[in-house]
Amino acid sequence: METIKIVIAGPRGRMGREAVKLVEETAHFSLAGVIDHKYEGQKLSEADDFNSDAIIYTDIEKCFSETKPDVLIDLTTPEIGKIHTKKALEYGVRPVVGTTGFSEADLKELEELTENRGIGAIIAPNFAIGAILMMKFSQMAAKYFSDVEILEMHHDQKLDAPSGTGLKTAEMISMVREAKEQGHPNEEETLKGARGANYQGIHVHSIRLPGLVAHQEVLFGGDGQTLSIRHDSFNRASFMSGVKLCVEQVMKLDVLVYGLENLID
Ligand SMILES: NC(=O)C1=CN([C@@H]2O[C@H](COP(=O)(O)OP(=O)(O)OC[C@H]3O[C@@H](n4cnc5c(N)ncnc54)[C@H](O)[C@@H]3O)[C@@H](O)[C@H]2O)C=CC1
Ligand SMILES: O=C(O)C1=N[C@H](C(=O)O)C[C@H](O)C1
């Protein structure tokens, strides 16, 4: 198997740390460098608690020119992730983006850039196989239950709301469910936001608490019955088999794929 040269952006973050471990431990992956906003030129092992000697770059263009990677794994922030993804496409580096918080317009722009560049790109709001199944099962259930609310629950350091997964779930359900407003037609919020966000009539509730990692419950209601479909990630290792799959698959693609559900049967 050919070695895939990888750069990770955000290596010292919660997800970045796991990704560094994954790349270092996978025989056909090599860590060409990492992108951070500080510690220019230092080894990861000098900057923080790592065994890796990968060099830290604070300038993405310098990083790409010097290391010539095949793939960028981005695990940063919504704002920085967008900039990195565009730069990667510009330099012919295939992006695997776990960073969430991109708008519909951002996704459209990145899709067009990928098409022009003719290389693969993956934007995956959730890398955990269980979460992908939770979304797929929810899409199946929505054919039979048109009333549904999404409760996404995350740690309190999360920047974006709703979560990328919550939004993707609402999008996937909307593909099979006609848009409809739920609840009483005359309902009123006496406290603003009480009914959550509204995506084509699907209410999305974002909970942020210390102690949580990443959890989602999709709750359907019908005549005299409810159906709950729930997924829990208890640690960030739960996302890594999906990251590995994406890095391998992005090398075979020449379009942008949005969502891991499009890469598995
Ligand atoms: N797709 C998925 O399965 C998952 C996606 N996520 C997403 O991944 C992203 C990162 O999440 P966490 O690791 O929890 O966040 P975090 O806050 O722990 O890590 C983000 C890292 O980005 C770094 N960073 C900030 N500006 C930067 C820059 N200019 N260049 C390089 N690095 C920079 C920060 O220093 C920090 O280390 C979030 O958008 C989150 O929603 C998180 C978990 C799973
Ligand atoms: O920030 C997180 O932690 C997570 N972000 C992703 C999201 O926004 O859906 C994936 C997972 O839920 C963890």
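Above: the structure in question.
Just so it is clear, the model here is predicted, and its values are computed rather than measured.

Trainee: Would you take a moment to explain empty space enclosed by the protein for this structure?
Mentor: In this approach a probe as big as a water molecule rolls over the atoms, and the regions it shows empty are the leftover space. Summed over the entire model, instances satisfying the criterion amount to 1 cavity of 30 Å³ or more. Considered as a void within the structure, the largest cavity measures approximately 50 Å³ in volume. Lining the largest cavity are Asn126, Met134, His154, Thr165, Ala214, His215, Gln216 and His231. Its residues placed into classes, the lining of the largest cavity shows 2 nonpolar, 6 polar and no charged.

Trainee: Please clarify how the sheet that holds strand 12 (residues 256-258) should be interpreted in this entry.
Mentor: The strands making up a sheet associate through backbone hydrogen bonding, with each pair oriented either parallel or antiparallel. The strand order across the open sheet built from 7 strands is 3-2-1-4-5-6-12, with neighbouring strands paired in parallel fashion. Bordering the open sheet on either side are strand 3 (56-57) and strand 12, each of which pairs with just one other strand. Sheet topology places strand 2 (residues 29-35) next to strand 3; 2 bridges connect them, and they run parallel. By the bridge assignment, Ile35 is partnered in strand 3 with Tyr57. Each of strand 1 (4-9), strand 2 and strand 4 (71-74) is contacted by helix 1 (residues 14-25), which is oriented at about 150 degrees to strand 2, the strand it contacts most. Along the sheet face, helix 5 (residues 104-117) touches strand 6 (121-123) and strand 12 and points at about 150 degrees away from the line of strand 12.

Trainee: Sorry if this is basic, but what is going on with the pattern of salt bridges here?
Mentor: It is possible for side chains bearing opposite charge to pair when their charged atoms get close. Under the criterion given, the structure shown has 19 salt bridges. Among the salt bridges present, the one from Lys158 reaches Asp160, with a minimum N-O distance of 2.9 Å. Comparing Lys158 with Asp160 shows no difference in burial state: the two are buried. Because the salt bridges share partners, they merge into one network encompassing Arg12, Arg17, Asp36 and Asp48.

Trainee: Explain the site of ligand 1 here, please?
Mentor: Neighbouring residues of ligand 1: 22 residues in total, closest Arg14, Met15, Thr100, Ala124 and Phe127. Here Met15 contributes a backbone N or O atom positioned 2.8 Å from an oxygen atom of ligand 1. At 2.5 Å, a side-chain N or O of Thr100 approaches an oxygen atom of ligand 1. Burial of ligand 1 by the surrounding chains reaches 82%, relative to a free accessible area of 860 Å². Among the cavities detected, the one that contains ligand 1 is the largest pocket. Mapped onto the shell around ligand 1, the elements with two or more residues apiece are helix 1 and helix 4 (78-90). Residue composition of the shell around ligand 1, grouped by class: 8 nonpolar, 9 polar and 5 charged.

Trainee: Just checking my understanding: could you explain the site of ligand 2 for this structure?
Mentor: Around ligand 2, the structure places Thr100, Pro125, Asn126, His154, His155, Lys158, Asp160, Ser163, Gly164, Thr165, Ala214 and Phe239. Separating an oxygen atom of ligand 2 from a side-chain N or O atom of Lys158 is a distance of 2.7 Å. For ligand 2, an oxygen atom lies 2.4 Å from a polar atom in the side chain of Thr165. Of all the cavities here, the one that holds ligand 2 is the largest pocket. Across the shell around ligand 2, the residue classes tally to 3 nonpolar, 7 polar and 2 charged.

Trainee: Please clarify how helix 3 (residues 60-67) should be interpreted in this entry.
Mentor: For an α-helix, the turn length of 3.6 residues means that residues three or four places apart are oriented alike. Among the residues making up helix 3, those that are buried are Ile60, Cys63, Phe64 and Thr67. Seen from one end, helix 3 has its buried residues packed into an arc of 95 degrees, which puts them on one side. Turning to helix 3, the residues buried within the fold contact strand 1, strand 2, strand 3, strand 4 and helix 4. In this structure Asp59 caps helix 3, since a side-chain oxygen of it lies 2.9 Å from the backbone nitrogen of Glu61.

Cut-offs used in this document
- Residues numbered from 1 in each chain as written.
- Chains lettered and ligands numbered in written order.
- Predicted model: local features only at pLDDT ≥ 70, side-chain atom pairs only at ≥ 80, totals over all residues.
- Heavy atoms only, no water.
- 1 Å grid on protein atoms, 1.4 Å probe; cavity = no way out; pocket = protein on both sides within 12 Å on 5 of 7 lines; lining within 4 Å.
- Points joined across faces, edges and corners; volume = space filled by probe spheres on them.
- Nonpolar A, V, L, I, M, F, W, Y, C, P; charged D, E, K, R; others polar.
- Pairing = 2+ DSSP bridges.
- Helix = DSSP H or I, 4+ residues; strand = E, 2+ residues; numbered from the N terminus.
- Contact = heavy atoms within 4.5 Å.
- Axes fitted to C-alpha atoms, helices over the stretch in contact; angles between N-to-C directions.
- Salt bridge = Lys/Arg side-chain N within 4 Å of Asp/Glu carboxyl O.
- Buried < 20%, exposed > 50% of the residue type's maximum accessible area, 1.4 Å probe, protein only.
- Near = heavy atom within 4 Å.
- Polar contact = N/O pair within 3.5 Å; in protein donor to acceptor, adjacent residues only side chain to side chain.
- Areas by Shrake-Rupley, 256 points an atom, 1.4 Å probe, with all protein chains shown as cover.
- Sits in = over half its atoms within 2 Å of the grid points.
- Arc of directions from axis to C-beta.

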